[in-house]
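Structural description and commentary
Now for the letters of each chain:
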Amino acid sequence: MKGVFCEELGTPDSLVLRDVEDPGPPGPGEVAVDLEARGLSFADLLVISGGYQVKRPLPFVVGGESAGRIAAVGPGVTDFQAGDTVLTGGGCIERIVTGADNVTPLPGHVDLVTAASFRSNYATALYALQRGRLRAGETLLVHGAAGGVGLAAVDVGKLMGARIIATAGTDEKLAVVREMGADHVINHGDGFREQVKALTGGRGADVIYDPVGGDMFDESMRCIAPFGRLLIIGFTSGRPALAKTNHLLIKDAEAIGLRIDAMIRDDPARAARNERVLLGWLASGRIHPYVSHRLPLSRTPEALQLIADRQVIGKVVIVND
Amino acid sequence: MRGVFCETLGSPDDLVLREAEDPSSPGEGEVAIDLEVRGISYTDLLMVAGRYQVKPELPFVVGGQAAGRIAEIGPGVSGYAPGDPVLAGGGCIERVVMRAERVTRLPDGVGLAEAASFGANYATALYALQRGRLQAGETLLVHGAAGGVGLAAVDVGKLMGARVIATASTDAKLAVVGDMGADHLINYTNGFREQVKALTGDRGADVIYDPVGGDVFDESMRCVALFGRILIVGFTGGRPALAKTNHLLIKDAEAIGFTIGALERHDPAWAERNRRVLLDWLASGRIHPYISHRVPLSRTADALRLIANREVIGKVVVVND
């Protein structure tokens, strides 16, 4: 079978597509899964460059979140049978064998590309908005709204009853963001502070969801409402900002850091609950994961380059050749 | 009557004790109060220097929170009789006239000095710990624990069931903090991070209450637990710190700014509820405001100097000559 490997840290063009031995049959408590779709994210780009918080030992398979079909079940596994569609990990490889507890059944009619694209983005968005205690009727400002975690926050934020102001860097991206349900969109090329103030009667946004950091964070601190919550999702700008504590004090505001992996590790019950909620929303069509690009396994480096070049809207998904 | 006035911004030396006209009799809905005790705080020192966020117009009477007895009742006021002990505002002056609804009747058994000294500090501490969502069993790290707002946080934190680690700069101050119930005391002239780590099995503190800022905030960021909350109470260290957003992210931590003034303004019902809770705790002996100095009105400047020189533990109050 084929897989896409990172053998040395670097750029997408240093990745290697090669044949590896099939994993053996699943052991007790395990299942074999034929993967069909994998979502790639900005984090995967960071991981292959060695710039992510968590370092993986080389060589490793690119990517993580995946969807596929059960190929075989090991002894003692009763929850699955061959052909079931599932969410799991694994990334850019054709087949994995993993513990049955690492596999989540999908509602039958959810297509695998959508399923592979939504999990980490929507889990991050939902968890972040919970940490930010977003309430219906509040104003949510979403930065990087055309990116995967940004677009998910627009989608989930609307569902939670917020009024959404969304920023992105091009009008093409903003068109998708508006279709996702954002009430107001801002091309942040010329800044956003004055427009956010104007849209909120001078108050500013109640919750600000910031995957960008750097200058976006600094400017966000200047258009946050009293008692506002600024959610620190990541630093796609490459520069983690410094939050002025005297501004936080004057605004009665909170700067809230969060990582979805820490929550999954430290509060697995909450992670499972959120996943059930999200799968329910997905199955009932209440959330709308957006996939701008589908590329075959053999073109995985191109997919990562699209992310690096900020061409992706929502998600890029790797399907089989 | 006499009052202590700030006529030009500056140091305590510039304050003027002088005669002022008695206020006229209370009008409709008003009461006249003979003040007996006033609490003085670091905020008052900042106001005199013109360095507080809120700048009152010159000249102004020094101080704010005060306790005294009803002297006269205006038309339409019920529920008060001359001689009733009350909590009011007014500061370092002998008599004030104010709206009856801005006056709080003191329960029996509460001393005027305790009442005058506890209001702002305990309101700040209780509100802060609510904003920080302190849970029983969590570890609370209180900086500047011998200061007014610090000592109140030790007292309220213990009552809320937290394990309290307290820092201060001298052993004499720490002795009082220990009497207030702190579980662990740290003289932080040589830092506190390692000791906090050691006392928490390396986890760090769940909630950090920081009225000091500057280097103390920076070091706090290095011993906050996962999912911890750092409460930005003020900047007695003189330098508001910059919170590294990447550290907040890695720790899933929150930096929470607040001012008690904003609570009064934005959520008066919450402020009033807290006042009632605190008065009830005071009357039933569950909290223990500490007064290190009592100074007569004519020496109000000395009270402010004691604060400037960091000699006050808990509170200094100004009584009548």
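Fair warning: this is a prediction, and the values are worked out from it, not measured in the lab.

**Focus: the overall build of chain B**
Helix and strand counts for chain B come out as 10 helices and 17 strands. Here chain B has a C-alpha radius of gyration of 20 Å; the compact-globule value for 321 residues is 20 Å, and the two agree. Principal-axis analysis of the C-alpha atoms places the extent of chain B at approximately 60 × 40 × 35 Å. Sequence-distant contacts, at least 24 apart, represent 66% of the contacts inside chain B between residues at least 6 apart.

**Observations regarding the overall build of chain A**
A count of helical and extended segments in chain A gives 10 helices and 17 strands. A globule of 321 residues ought to have a C-alpha radius of gyration of about 20 Å, and chain A, at 20 Å, matches this closely. Its C-alpha atoms give chain A principal-axis dimensions of about 60 × 40 × 35 Å. Put simply, chain A has 321 residues, and 51% of those count as buried. The long-range share in chain A, meaning contacts at least 24 apart out of those at least 6 apart in sequence, stands at 65%.

**Considering the sheet that holds strand β4 (residues 60-61) of chain B**
Residues and elements named next belong to chain B. Taken in spatial order, the 3 strands of this open sheet run β2-β1-β4, and their pairing is antiparallel. Of all the strands in the sheet, the pair left with one neighbour each is β2 (16-19) and β4. For strand β1 (residues 2-6) and β2, the ladder comprises 4 bridges, and the chain directions are antiparallel. Across the sheet, the residue bridging to Gly 3 is Arg 18, located in β2.

**Considering the environment of B:Gly76**
Residues and elements named next belong to chain B. By secondary structure assignment, the location of Gly 76 is in the loop between β5 (66-73) and β6 (85-88). Given 11 C-beta atoms within 10 Å, Gly 76 falls into the exposed group. In this structure, the C-alpha to C-alpha distance between Gly 76 and Thr 8, residues 68 residues apart in sequence, is 38 Å. Residues contacting Gly 76, with those up to four places away along its chain left out, are Glu 28 and Gly 29.

**Some remarks on the interface of chain B and chain A**
Between chain B and chain A, the residue contacts involve 27 residues of the former and 28 residues of the latter. Listed by contribution, the elements that provide at least two residues to the side of chain B that touches chain A are β13 (224-232), β14 (242-244), α7 (245-251), β15 (254-257) and α8 (260-266) of chain B. It is α7(B) that contributes the most residues to the side of chain B that touches chain A, 6 residues altogether. A class-by-class count of the residues in the side of chain B that touches chain A yields 16 nonpolar, 7 polar and 4 charged.

**Quick notes on the packing of helix α2 (residues 112-131) of chain B against helix α9 (residues 268-283) of chain B**
All names here are of chain B. Relative orientation of the contacting elements α2 and α9 amounts to 125°, with a least axis distance of 10 Å. If you check the angle between α2 and α9, you find them oblique. Considering the relative orientation of α2 and α9, their crossing is right-handed. Here Glu 114, Phe 118, Tyr 122, Ala 123, Leu 126 and Tyr 127 of α2 come into contact with α9, specifically with Asn 274, Arg 275, Leu 278 and Leu 282. Of the residues assigned to the contact of α2 with α9, the class counts are 7 nonpolar, 1 polar and 2 charged.

**Description of the pairing of strand β11 (residues 184-187) of chain B**
On a regular strand, each side chain points to the face opposite its neighbour's, so the side chains alternate between the two faces of the sheet. Residue and element names in this part refer to chain B. Two elements, strand β10 (residues 163-168) and β11, share 4 bridges in a ladder whose sense is parallel. Paired with Ala 168 across the two strands is Asn 187, which belongs to β11. Traced from β10 through helix α4 (residues 171-179) to β11, the parallel crossover comes out right-handed.

**Quick word on the sheet that holds strand β11 (residues 184-187) of chain A**
Read across the sheet, 12 strands follow the order β11(A)-β10(A)-β9(A)-β12(A)-β13(A)-β15(A)-β15(B)-β13(B)-β12(B)-β9(B)-β10(B)-β11(B) without closing on themselves; strand pairing throughout is mixed. Both edges of this open sheet fall to β11 of chain A together with β11 of chain B, since each of them pairs with a single strand only. Pairwise comparison of adjacent strand axes, ignoring direction, gives a mean angle of 15° for this sheet. As judged from the 5 bridges shared by strand β12 (residues 205-210) of chain B and β13(B), these two strands associate in the parallel manner.

**A closer look at unusual backbone geometry**
Of the consecutive residues A:Leu58 and A:Pro59, the connecting peptide bond is found in the cis state with omega at -15°. Within the fold, A:Pro59 resides in the loop between α1 (42-49) and β4 (60-61). In this chain, B:Leu58 is followed by B:Pro59 through a cis amide linkage whose omega measures -15°. Mapped onto the elements, B:Pro59 comes out in the loop between α1 (42-49) and β4. The backbone of B:Phe227 shows a phi angle near 65°, a positive value even though the residue is not glycine. Mapped onto the elements of the fold, B:Phe227 is located in strand β13.

**Quick word on α9(B)**
Between its terminal C-alpha atoms α9(B) stretches 22 Å, which fits the 22 Å expected from 16 residues at 1.5 Å a residue. A positive phi of about 75° marks B:Gly285, the residue just after α9(B).

**Comments concerning the packing of α1(A) against helix α10 (residues 300-308) of chain A**
All names here are of chain A. It is the contact of α1 with α10, at a shortest axis distance of 9 Å, that shows an interaxial angle of 110°. Classified by the angle their axes make, α1 and α10 are roughly perpendicular. Taken together, the residues of α10 that come into contact with α1 (itself represented by Phe 42, Asp 44 and Leu 45) are Leu 304, Ile 307 and Ala 308. Along the lines of polarity and charge, the residues of the contact of α1 with α10 split into 5 nonpolar, no polar and 1 charged.

**Here we look at helix α2 (residues 112-131) of chain A**
Counted at 1.5 Å a residue, the expected span for α2(A) with its 20 residues is 28 Å, and the 29 Å between its end C-alpha atoms agrees. With 18 of 20 residues buried, α2(A) is to be regarded as a mostly interior element.

**A short note on the confidence of the model for chain B**
Per-residue confidence for chain B gives a mean pLDDT of 94; residues scoring 70 or more make up 100%. As scored by the predictor, the complex reaches a pTM of 0.87 and an ipTM of 0.84.

**Thoughts on the environment of B:Tyr122**
All names here are of chain B. Tracing the chain through its elements places Tyr 122 in helix α2. Take Tyr 122: there are 26 C-beta atoms within 10 Å of it, and that puts it in the buried class. Here the alpha-carbon distance between Tyr 122 and Asn 274, two residues 152 residues apart in the chain, equals 9.3 Å. Discounting residues that sit within four places of it in the chain, Tyr 122 has contacts with Ala 152, Val 156, Leu 278, Ile 287 and Pro 289.

What counts, and where the lines are drawn
- Residues numbered from 1 in each chain as written.
- Chains lettered and ligands numbered in written order.
- Predicted model: local features only at pLDDT ≥ 70, side-chain atom pairs only at ≥ 80, totals over all residues.
- Helix = DSSP H or I, 4+ residues; strand = E, 2+ residues; numbered from the N terminus.
- Rg over C-alpha atoms; globule rule 2.2 N^0.38 Å.
- Contact = placed C-beta atoms within 7 Å.
- Buried ≥ 20, exposed ≤ 12 C-beta atoms within 10 Å, placed from the backbone.
- Pairing = 2+ DSSP bridges.
- Nonpolar A, V, L, I, M, F, W, Y, C, P; charged D, E, K, R; others polar.
- Axes fitted to C-alpha atoms, helices over the stretch in contact; angles between N-to-C directions.
- Parallel < 35°, antiparallel > 145°, perpendicular 65-115°, else oblique.
- Left-handed = near helix turned anticlockwise from the far one by under 90°.
- Right-handed = clockwise from strand over helix to strand, strands pointing away.
- Expected span 1.5 Å × (residues − 1).
- pLDDT = per-residue confidence, 0-100.

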